[in-house]
Every structure is written in structure tokens, then in C-alpha cells.
Amino acid sequence: NIHSSLLSSLAAAAVFCACLFATSPAAAQTVSTILIDFGSDPSPAPWVNVSSVSSGLVEDLTDADGVATGVRFEVIDRFNGTNTNGTKTPDPALGLPATATGDSFYGNTAVFNNRTEPTAAIRLSNLDPQTDYTLGMFASRDASDNRQAQYRCEGSETLVRYLNASSNRSQIAE
């Protein structure tokens, strides 16, 4: 759990196509889930779709019940582009639609499409500092090489997780 205001990916590969986080204030004992799909193929509600690799902005994210959360989302360090070669058959236990897993944003350390983007970042703001947030990132790329990405969440503490997107159908970085 983390009081998170920044999620940054510092690696060369698919960055993420699905970001989930649940809020669980201890006093209220409630859980709210926000589902974000990064890419060009939109997912149906309750997913929030972000399609711009350089200027994605959502002023007030809605949760899985369609309720406004007040949480703001923005891309603050651009991604290189959109990958459309993610899995279309994610593990059913994840509950992720193929529209969210089949495309994603990516960064890269070697020149690709005349661009190098070794870092990329989003910011989640207007978060309650008294609330614990759990973030999960899923990434997939139909490939056989290593497409490992580093996910760095910064807030009251810093957490780093790694995920290899290569042919991933079931792993989530939490």
C-alpha cells in the first residue's frame, strides 16, 4: 500500500495497458476500484480510456461503479507510442478485457521510430494522504525477448516493481 502521487516506468518495453487501484480508508472500510486502459483500442465502461502518449489528462477519474473520485490523472513524461501487439487472451482470473490487454503505451532505451523514451510517467493527484492505495499494473507484448519494465511509485514512500511484458497473460506488478 502506498500514498501515491507518481507512477513512473523506467525501462525499455511495453509500459502498461491496465492500471488498477483500490482505495481502502481504514475508518470507512470501503474499497473503490479505478480501471485505466492505456492505448488506442478503448475498453467499455467502467474503464477510463487514455489514448494520448504525450498529454493524457483526466480531471476526475470515475471508479468501477461510475462514481467520481476526485482523483486526477495526467501523463507528465511522455511515452514513445502505442503497442497493439499485447495479448488478446489474458488469464480469465485477472478479469481484464482484451481491449485493455491488447494495447499499451511503451517506452524504450534504444532508438525506435526516431525516438528514445527511457522514462515515462503519469501522476495521480488529489489523493487522500490518510488513505492507503494499492496499484496494479499489467503489460503484455506478444514477443519472446525480454520486455521487462520497472514501475516506480512515489508518494509517502517509494516502491519499485518489475514486470516482463513478453508474452505475459497472467502477471501483474503490485
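Residues numbered from 1 in each chain as written. Predicted model: local features only at pLDDT ≥ 70, side-chain atom pairs only at ≥ 80, totals over all residues. Heavy atoms only, no water.

Observations regarding the pairing of strand β14 (residues 158-164)
In this structure, strand β13 (residues 148-155) lies alongside β14, joined through 7 bridges in antiparallel fashion. Among the inter-strand pairings, Gln-148 is bridged to a residue of β14, identified as Asn-164. Connecting β13 to the next strand, β14, in antiparallel fashion are 2 residues. (Pairing = 2+ DSSP bridges. Helix = DSSP H or I, 4+ residues; strand = E, 2+ residues; numbered from the N terminus.)

Focus on the pattern of salt bridges
Side chains bearing opposite charge may pair, as long as their charged atoms lie close to each other. All chains considered together, the criterion is met by 8 salt bridges. With its nearest N and O atoms 2.7 Å apart, the salt bridge here joins Glu-74 to Arg-72. Put simply, Glu-59, Arg-72, Glu-74 and Arg-123 are held in one network by salt bridges that share partners. (Salt bridge = Lys/Arg side-chain N within 4 Å of Asp/Glu carboxyl O.)

Some remarks on the nonpolar core
Core analysis: the largest hydrophobic core is formed by 27 residues, its most contacted members being Leu-61 and Phe-73. Secondary-structure elements contributing two or more residues to this core are β4 (32-38), β5 (48-50), β7 (72-77), β11 (120-125), β12 (133-138) and β13. If we ignore the near neighbours within four places in the chain, the residues touching Leu-61 are Ile-34, Ile-36, Val-48, Val-67, Ala-68, Thr-69, Gly-70, Val-71, Phe-73 and Leu-124. Formed by 5 residues, the second largest nonpolar core is a distinct cluster that contains Leu-35, Trp-47, Ala-100 and Phe-138. (Core = buried A, V, L, I, M, F, W, Y, C linked by side-chain atoms within 4.5 Å. Buried < 20%, exposed > 50% of the residue type's maximum accessible area, 1.4 Å probe, protein only. Contact = heavy atoms within 4.5 Å.)

Structural notes on the packing of aromatic side chains
Counted under the stated rule, the structure contains 4 aromatic pairs. With centroids separated by 5.6 Å and ring planes inclined at 55°, the aromatic side chains of Phe-38 and Phe-73 adopt a geometry described as tilted. Of the two residues, Phe-38 is situated in strand β4 and Phe-73 in strand β7; the sequence distance between them amounts to 35 residues. For the pair Phe-38 and Phe-73, one class covers both residues: buried. (Phe/Tyr/Trp six-rings, centres within 6.5 Å; stacked < 30°, edge-to-face > 60°.)

Overview of unusual backbone geometry
Geometrically, the link from Ala-45 to Pro-46 is a cis peptide bond, its omega value of 20° lying close to zero. For Pro-46, the position within the fold is in the loop between β4 and β5. Despite not being glycine, Asn-113 shows a phi value in the positive range, around 55°. When you line up the elements, Asn-113 lands in the loop between β9 (104-112) and β10 (115-117). Although it is not a glycine, Ser-167 adopts a positive phi angle of roughly 55°.

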